[in-house]
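Given next are the chains, with one letter for each unit.
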Amino acid sequence: MITSVANWKLNGSDELFREWFREFKKDFNGDFSKIAIAPPTLYIPLCNELGEDKITVCAQNLDFSNAAARTGEVSLEMLLDMQCSMSIVGHSERRNIFGETSEMIHSKLKKIAGKNFIPIYCIGESLDEYNSNKSFQSIETQLNSELLLLREEIKIYIAYEPIWAIGTGKLPSINEIEKMHEFIKKMIASYQHINLLGMLYGGSVSPDNSPELSRSRLIDGVLVGGASLNGNSFAKIASSFS
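Every value quoted in this text rests on a predicted model; they were computed, and no experiment measured them.

**Here we look at the overall build of the chain**
Of the regular secondary structure elements, the chain holds 10 helices and 8 strands. Radius of gyration (C-alpha) of the chain: 17 Å, near the 18 Å computed for a compact globule of 242 residues. Along the three orthogonal principal directions, the C-alpha set of the chain runs to about 45 × 45 × 30 Å. Of all 242 residues assigned to the chain, the portion counted as buried reaches 51%. In the structure as shown, the chain presents an accessible area of about 11300 Å², 48% of it carried by carbon and sulfur atoms. Mean positive and mean negative side-chain charge positions of the chain (24 and 30 charges, respectively) differ by 3 Å.

**Details of helix α2 (residues 44–51)**
By the criterion of burial, α2 is predominantly enclosed, with 6 of the 8 residues buried. Where α2 is concerned, the buried positions are Ile44, Leu46, Cys47, Asn48, Leu50 and Gly51. Check the buried side of α2 and you find it contacts α1 (14–27), β2 (35–38), β3 (56–57) and α3 (76–81). Phi for Glu52, located one or two positions after α2, is positive at around 55°.

**Side note on helix α5 (residues 102–112)**
Every α-helix winds through 3.6 residues per turn, so residues three or four apart in the chain are directed the same way. Regarding α5, the residues found buried are Ile105, His106, Lys108, Leu109, Lys111 and Ile112. Structurally, α5 contributes buried residues whose contacts are with α3, β4 (86–89), α4 (92–96), β5 (118–123), α7 (135–145) and β6 (154–160).

**Looking at the packing of α1 against helix α10 (residues 231–241)**
Closest axis-to-axis distance for the α1/α10 pair is 8 Å, and the angle between their directions is 35°. α10 is crossed by α1, and the crossing has right-handed handedness. Residue-level contacts link Trp20, Glu23, Phe24, Lys26 and Asp27 of α1 to Gly231, Asn232, Phe234, Ala235, Ala238 and Ser239 of α10. Grouping the amino acids of the contact of α1 with α10 by side-chain chemistry returns 5 nonpolar, 3 polar and 3 charged.

**Re the packing of α7 against helix α8 (residues 174–188)**
Across the interface, α7 lies against α8 with an axial gap of 11 Å and an inter-helix angle of 35°. Judged by the sense of rotation from one axis to the other, the crossing of α7 with α8 is right-handed. The segment α7 lies against α8, with Ser135, Phe136, Ile139, Glu140, Leu143 and Asn144 engaging Lys179, Met180, Phe183, Ile184 and Met187. A per-class count over the contact of α7 with α8 returns 7 nonpolar, 2 polar and 2 charged.

**Digging into the environment of Gly226**
By the secondary structure assignment, Gly226 is in the loop between β8 (221–224) and α10. Here the alpha-carbon distance between Gly226 and Asp14, two residues 212 residues apart in the chain, equals 18 Å.

**Regarding the layout of surface pockets**
In this model, the largest pocket occupies a volume close to 460 Å³. Along the wall of the largest pocket there are 16 residues; nearest its centre are Lys9, Gln60, Asn61, Arg94 and Phe98. Class assignment for the residues of the lining of the largest pocket results in 6 nonpolar, 6 polar and 4 charged. Lining the second largest pocket we find 15 residues, and of these Arg95, Gly124, Ser138, Gln142 and Ile163 sit closest to its centre. Looking at the lining of the second largest pocket element by element, the count peaks at 4 residues for α7.

About the cut-offs
- Residues numbered from 1 in each chain as written.
- Predicted model: local features only at pLDDT ≥ 70, side-chain atom pairs only at ≥ 80, totals over all residues.
- Heavy atoms only, no water.
- Helix = DSSP H or I, 4+ residues; strand = E, 2+ residues; numbered from the N terminus.
- Rg over C-alpha atoms; globule rule 2.2 N^0.38 Å.
- Buried < 20%, exposed > 50% of the residue type's maximum accessible area, 1.4 Å probe, protein only.
- Areas by Shrake-Rupley, 256 points an atom, 1.4 Å probe, with all protein chains shown as cover.
- Lys, Arg positive; Asp, Glu negative; His and termini not counted.
- Charge placed at Lys NZ, Arg CZ, Asp CG, Glu CD.
- Contact = heavy atoms within 4.5 Å.
- Axes fitted to C-alpha atoms, helices over the stretch in contact; angles between N-to-C directions.
- Left-handed = near helix turned anticlockwise from the far one by under 90°.
- Nonpolar A, V, L, I, M, F, W, Y, C, P; charged D, E, K, R; others polar.
- 1 Å grid on protein atoms, 1.4 Å probe; cavity = no way out; pocket = protein on both sides within 12 Å on 5 of 7 lines; lining within 4 Å.
- Points joined across faces, edges and corners; volume = space filled by probe spheres on them.

Below, the structure written as structure tokens:
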């Protein structure tokens, strides 16, 4: 099971990634098979090489359509050609910056379902929804309009990422995260065609808070943004969950 995922977003270079792997391999104390990294797409082959088939290389996104006239997009089939069989789907930045709708995200999950491919499906509420005590309502709406519309079998990780916690240094209490993870698991429990591989938490994860997060029986792992860009920092986080 994957327990620690590094989302490098629009960051990196050949030099940076080579140094990152040197640092991570030196400082990580755990099972490399539990680690996934999500570099920008064009660096997937390099990261496969540097990871030596021990670390899972994950895409940050994939296209929802089978149409060829989609300039700039990357298909599931192209990712498989690069020996990449996992992708983040529905990250809040894709939703909020690039305008991805629930219909698009459902189409991505539908395209993945039944294939030898695993999504890390991201869901989370806004600060207004959190402050208005509408977090559970928001998550329920996302699940009902995206994942739970599927009728095909799918293996999936779900990452609960409160939008207001991403990159802010703030995160919910452990109790709040546990209640949300439990709520999500209960919502999908009756859908036997959905094989939940793990519940991840994302949003301002750091070496300081990862030990506490790892002690929760309801938090299977983490999806890490900024703190994952440094190999030493991510090694400390990942070692907490390994």
